[in-house]
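# Residue-level structural notes
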Amino acid sequence: EAGVTQFPSHSVIEKGQTVTLRCDPISGHDNLYWYRRVMGKEIKFLLHFVKESKQDESGMPNNRFLAERTGGTYSTLKVQPAELEDSGVYFCASSLWDSGNEQFFGPGTRLTVL
Amino acid sequence: AQSVAQPEDQVNVAEGNPLTVKCTYSVSGNPYLFWYVQYPNRGLQFLLKYITGDNLVKGSYGFEAEFNKSQTSFHLKKPSALVSDSALYFCAVRDRHGGYQKVTFGIGTKLQVIP
């Protein structure tokens, strides 16, 4: 069974540019989550999709971040325009059920904004 | 609001010795508790979880964790550490009270097993 995949693995952009991160969850997993970890800090929740609907987007930092999950399959997270503080590792995770189920994580995308 | 504390940034242990990685949590109701491990350049891997039932939970790679409600702790343990256990360990909690709640992660503890 293929795991959660994320693309790209690394991205280096300049302040003000746009970046789009992609996540492909495990096939059949309705729940998809985005997290971010800034160096040395906790993994912070960004948002949660159930199929194509946003269940919870309370962790999205501001309106420069836009997440979509067209058709309830893969998801994209766009940052436009990027700021220096957006640097970090963005993780995607998926799970079959929500609640007490463990989440399966992708390898992350390391975003560096210069 | 729910929270997780991992009081140690790093834990060093000699190979073959028992290891403990500490985690305490705060929730308003009863918790779901999780441990994940992250190896270099990899995503987080699920190790074990506490949902209900026995307070001692056994997981992957010989790890176990004990849920202690009175101390609000969920420390990760292993009887005999391996060099290959060296990684970053994250504790996570989810409150079961009040409907939907997101998962909250701790800051992570780096485990270094010394040969």
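With that settled, the discussion passes to the overall build of chain B. Along chain B, the regular secondary structure elements total zero helices and 12 strands. In sequence order, chain B lays out its α and β elements as β-β-β-β-β-β-β-β-β-β-β-β. Taken along the three principal axes of its C-alpha coordinates, chain B extends 45 × 30 × 20 Å. Long-range contacts, defined as pairs at least 24 residues apart, comprise 57% of the intrachain contacts of chain B with a sequence gap of at least 6. A total of about 5,400 Å² of accessible surface is found on chain B, and carbon and sulfur atoms cover 48% of it. One finds the centroid of the 11 positive side-chain charges in chain B at a distance of 7 Å from the centroid of its 8 negative side-chain charges.

Our next topic: the state of the cysteines. By definition, a disulfide is the covalent link that joins the sulfur atoms of two cysteine residues. All names here are of chain A. If you walk through the whole model with that rule in mind, you get two disulfides over all chains. Each sulfur of the disulfide joining Cys23 and Cys92 lies 1.8 Å from the other. In this structure, the disulfide formed by Cys23 and Cys92 twists by about -60 degrees around the S-S bond and is classed as left-handed. Residue Cys23 is found in strand S3 (residues 19-24), and its partner Cys92 is found in strand S9 (residues 88-95); the two are separated by 69 residues along the sequence. The pair formed by Cys23 and Cys92 is uniform in burial state, with each residue classed as buried.

Counting residues in each nonpolar core, the largest one holds 28 residues, and the members touching the most others are B:Trp35, B:Leu47, B:Leu48, B:Phe74, B:Leu76 and B:Tyr89. At the level of elements, strand S2 (10-14), strand S3 (19-21), strand S5 (31-38), strand S6 (44-50), strand S8 (64-68), strand S9 (73-78), strand S10 (87-95) and strand S12 (109-114) of chain B are the ones that each hand at least two residues to this core. At four residues, S10(B) tops the list of elements feeding residues into this core. Residues A:Cys23, A:Leu46, A:Val79 and A:Leu111 belong to the second largest nonpolar core, which totals 21 residues.

Moving on: the interface of chain A and chain B. Each partner contributes to the interface: chain A provides 21 residues, whereas chain B provides 19 residues. The largest share of the area that chain A buries against chain B comes from A:Ile43, A:Glu102 and A:Phe105, three residues that together contribute 28% of it. The tally of links between chain A and chain B comes to one salt bridge. For the salt bridge of B:Lys49 with A:Glu102, the shortest nitrogen-to-oxygen distance reads 2.8 Å. Counting residues per element, the ones that place at least two in the side of chain A that touches chain B are strand S4 (31-37), strand S5 (43-50) and strand S6 (53-56) of chain A. By residue class, the composition of the side of chain A that touches chain B is six nonpolar, nine polar and six charged.

Residues and elements named next belong to chain B. Residue alternation in S2 divides its side chains into a buried set, Val11 and Val13, and an unburied set, Gln10, Asn12 and Ala14. The pairing of S2 with S12 spans five bridges and is classified as parallel. Bridge pairing in S12 places Gln10 opposite Lys110.

Let's shift gears to the sheet that holds strand S8 (residues 75-79) of chain A. Residue and element names in this part refer to chain A. With respect to topology, four strands assemble into an open sheet ordered S1-S3-S8-S7, the strand pairing being antiparallel. Two strands lie at the open edges of the sheet, namely strand S1 (5-7) and strand S7 (65-68), each paired on one side alone. Mean inter-strand twist for the sheet, computed between neighbouring axes without regard to direction, equals 15 degrees. Two strands pair when backbone bridges link them, and S3 and S8 are joined in this way by five bridges, in the antiparallel orientation. Residue pairing for S8: Val19 is matched across the bridge by Val79.

Definitions and cut-offs
- Residues numbered from 1 in each chain as written.
- Chains lettered and ligands numbered in written order.
- Predicted model: local features only at pLDDT ≥ 70, side-chain atom pairs only at ≥ 80, totals over all residues.
- Heavy atoms only, no water.
- Helix = DSSP H or I, 4+ residues; strand = E, 2+ residues; numbered from the N terminus.
- Contact = heavy atoms within 4.5 Å.
- Areas by Shrake-Rupley, 256 points an atom, 1.4 Å probe, with all protein chains shown as cover.
- Lys, Arg positive; Asp, Glu negative; His and termini not counted.
- Charge placed at Lys NZ, Arg CZ, Asp CG, Glu CD.
- Disulfide = S-S within 2.5 Å.
- Buried < 20%, exposed > 50% of the residue type's maximum accessible area, 1.4 Å probe, protein only.
- Core = buried A, V, L, I, M, F, W, Y, C linked by side-chain atoms within 4.5 Å.
- Buried area = accessible area lost by both parts, 1.4 Å probe.
- Salt bridge = Lys/Arg side-chain N within 4 Å of Asp/Glu carboxyl O.
- Nonpolar A, V, L, I, M, F, W, Y, C, P; charged D, E, K, R; others polar.
- Pairing = 2+ DSSP bridges.
- Axes fitted to C-alpha atoms, helices over the stretch in contact; angles between N-to-C directions.

None of this, on its own, says anything about what the molecule does.
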